[in-house]
Amino acid sequence: MAEPTTADGFADADAEATSAGPLPRSRAEQRPLPGPLAYLLLVRMWSRAASQYRVSLALTGVAQVFTTCLDLIAILVIYSQVPVIGGFTLAQTLYLYGTTRLAFGLSDLVASGVETLADSIRLGTFDIVLIRPVSTLAQVLADQFTPKRFGKLVPAIATLIWAVIVLPVQWNAIRVILCCFTVLCGFVIYCALWVLSGCVSFVAVDAREVANTFTYGSEFATEYPITIFGRPLGLALTFVLPVAFVTWQPTLYVLGRSDPFGLPGFLRFASPVAAVLLSGLAALVWRACIRRYRSTGS
Amino acid sequence: MRVYLTAARLSLRRYLTYRSSAAAGVATNTVFGCIRAFVLIALWKQKPDINGWDEADAVTYAFATQALIAPMGIFLSGTELGPRIRSGDVAVDLYRPVDFQAWWLSLDIGRAVGAGVLRSAPPVLFGLLLFPVRLPLDPVNWIEFVVCCVLGYAVSFALRYLTSLLAFWTMDERGVASIMTTAGMFCSGLIIPLTIMPGLLGTVVQHTPWAAVVQLPINVLLGTQAGGFGYALGFAALWALVLLACGRMLTSAARRKVVVQGG
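All figures in this text were calculated on a predicted structure; none of them were measured in a lab. (Residues numbered from 1 in each chain as written. Chains lettered and ligands numbered in written order. Predicted model: local features only at pLDDT ≥ 70, side-chain atom pairs only at ≥ 80, totals over all residues.)

### What about the packing of helix H4 (residues 54–81) of chain A against helix H5 (residues 90–111) of chain A?
All names here are of chain A.
So, point 1. One can describe the packing of H4 onto H5 by two numbers: an axis separation of 11 Å at closest approach and a directional angle of 170°. If you check the angle between H4 and H5, you find them roughly antiparallel. As for how H4 packs across H5, the hand of that crossing is right-handed. Residues Thr68, Leu72, Ile75 and Tyr79 of H4 touch H5, and the partners they reach there are Leu90, Thr93, Tyr97 and Arg101.
So, point 2. Along the lines of polarity and charge, the residues of the contact of H4 with H5 split into 5 nonpolar, 2 polar and 1 charged. (Axes fitted to C-alpha atoms, helices over the stretch in contact; angles between N-to-C directions. Helix = DSSP H or I, 4+ residues; strand = E, 2+ residues; numbered from the N terminus. Parallel < 35°, antiparallel > 145°, perpendicular 65-115°, else oblique. Left-handed = near helix turned anticlockwise from the far one by under 90°. Contact = placed C-beta atoms within 7 Å. Nonpolar A, V, L, I, M, F, W, Y, C, P; charged D, E, K, R; others polar.)

### A short note on unusual backbone geometry
So, point 1. The phi dihedral of Gln144 of chain A falls on the positive side, at around 60°, and the residue is not glycine.
So, point 2. Locating Gln144 of chain A in the fold gives a position in the loop between helix H8 (136–142) and helix H9 (153–166).
So, point 3. Of note in the backbone geometry, Asn51 of chain B takes a positive phi value of approximately 45° without being a glycine.
So, point 4. On the secondary structure map, Asn51 of chain B appears in the loop between helix H2 (19–46) and helix H3 (55–72).
So, point 5. Asn51 of chain B sits in the partly exposed class, given 15 other C-beta atoms within 10 Å. (Buried ≥ 20, exposed ≤ 12 C-beta atoms within 10 Å, placed from the backbone.)

### Here we look at H9 of chain A
All names here are of chain A.
So, point 1. A rise of 1.5 Å per residue sets the reference length of H9, with its 14 residues, at 20 Å; its end C-alpha atoms lie 20 Å apart and thus fit the reference within 8%.
So, point 2. Three or more residues of H9 are buried, namely Pro155, Ala156, Thr159, Leu160 and Ala163. One side of H9 holds all its buried residues, which, seen down the axis, span an arc of 130°. Summarising the geometry of H9, the exposed residues directed more than 90 degrees from the buried face are Ile161 and Ile165.
So, point 3. Of the surrounding elements, those touching the buried residues of H9 are H4 and H5. (Expected span 1.5 Å × (residues − 1). Arc of directions from axis to C-beta.)

What follows is the structure, encoded as structure tokens:
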């Protein structure tokens with residue numbers, strides 16, 4: 001994931017302003033909070049805010065479990081009609097679904113605060129985010145954090161365990177490590193996509209729903225074997241919007257299958273590269289957006 | 001009556017103001033329509049006839065559902081009444097010399113018409129260009145489809161209105177609203193056509209009120225509804241009447257008992 005950026009000099013300016021006051025502070029107090037720590041503190045604050053309406057929080061958490069199950073039920077309904085889709089059996093698709101959902105659920109937990117960015121830019125409240133002496137990205141990612149998002153992880157973990165049990169796969173060290181890496185790299189790729197989708201709001205404030213196609217759309221697409229999209233679109237999902245590296249490529253190795261599109265074997269292990277490249281891109285674009293940001297004013 | 005027409009017209013005008021937002025929504029609906037179409041095509045490739053539907057029916061369904069999302073308000077959590085109850089602004093609404101339910105219906109109709117005008121046609125046209133979408137040429141199908149959509153909309157509004165009203169008692173209806181949205185997404189047939197659901201599950205989902213919101217209008221459009229237009233009409237009208245009547249009863253209960261929030 002992209003390293004949290006500081007708000008381009010705003011933090012330092014603020015620190016200087018306070019040090020000019022009547023009570024000189026120690027050096028440690030002047031330094032802005034490190035991004036990850038600030039993020040965790042903000043998450044704790046938002047969680048406590050969300051816990052004020054307990055019943056509503058519990059119900060929305062349950063709703064998240066159900067919503068995540070909907071696509072699972074859809075897969076089960078499809079496989080109730082036919083034994084194989086796009087060359088994949090139910091157990092294999094469940095493995096794809098489980099890893100995708102787990103990776104996406106974790107990224108949603110950490111980064112989906114980006115979704116409120118469009119509103120804060122439109123209302124001008126993003127200015128306040130910029131002048132606080134705390135990492136901008138940490139504030140944006142943590143915005144409106146709610147513990148209900150843990151609900152999304154429950155069906156994902158359950159399905160993955162289910163798939164691992166029923167899959168006729170010889171689990172050796174490489175496969176186990178690759179399975180863990182699938183989720184980890186998927187998580188990083190989705191986080192990068194969240195940040196990039198947030199950047200869309202800087203360019204076009206109204207385009208929030210377009211940003212959803214990057215995040216929810218790519219998540220939805222990777223739940224199914226990419227073969228169903230045909231060769232041109234399948235290759236686009238590998239090399240243009242590299243979501244095939246979220247689960248598809250490493251999963252081909254774990255399931256012991258050759259690539260239906262005939263792509264070379266080293267790509268099965270290329271997910272970390274895709275993750276690093278996409279995070280780098282997200283970090284660059286994010287910095288560029290922050291630098292070029294102009295307040296909407298009122 | 002004039003006041004409701006004016007309310008609907010102003011609500012429509014407000015919706016039409018946010019055109020770029022609607023364009024973004026259209027793009028998203030189209031992308032999701034494509035992904036769903038690919039999934040259904042993969043299924044129909046294996047099994048060319050599922051409960052009387054061929055591949056063209058399934059693909060048409062994938063794009064038509066996307067066209068109905070916005071006007072039917074499937075992703076909306078309740079109506080705009082919910083947040084007003086939470087903030088206490090509803091006190092002003094209760095003062096208005098109008099029928100409370102009809103007032104919110106008029107505002108929501110404005111929104112639905114705006115969404116239908118701006119957001120419904122493009123995903124289907126896109127599907128028509130690049131996918132084997134098949135639309136009927138007989139105007140009778142289209143008239144029946146529109147009638148079913150109007151009744152389906154009434155059911156959708158009635159359900160969302162009931163959800164919002166709960167905020168009078170629970171203070172925060174968002175939990176219930178998100179459960180209702182989830183149930184609606186599944187039971188309307190947005191995620192997967194109700195026609196291919198097996199056994200008991202299929203029977204149950206085809207009788208929930210949400211079936212009238214998406215699945216039945218499209219069945220009528222495709223000409224595949226068992227029992228024909230008459231059945232779809234009766235089913236939707238019955239649910240609309242029952243749910244709107246529940247809304248009326250709950251409204252008067254709320255007016256008598258509830259203390260409005262605010263300060």
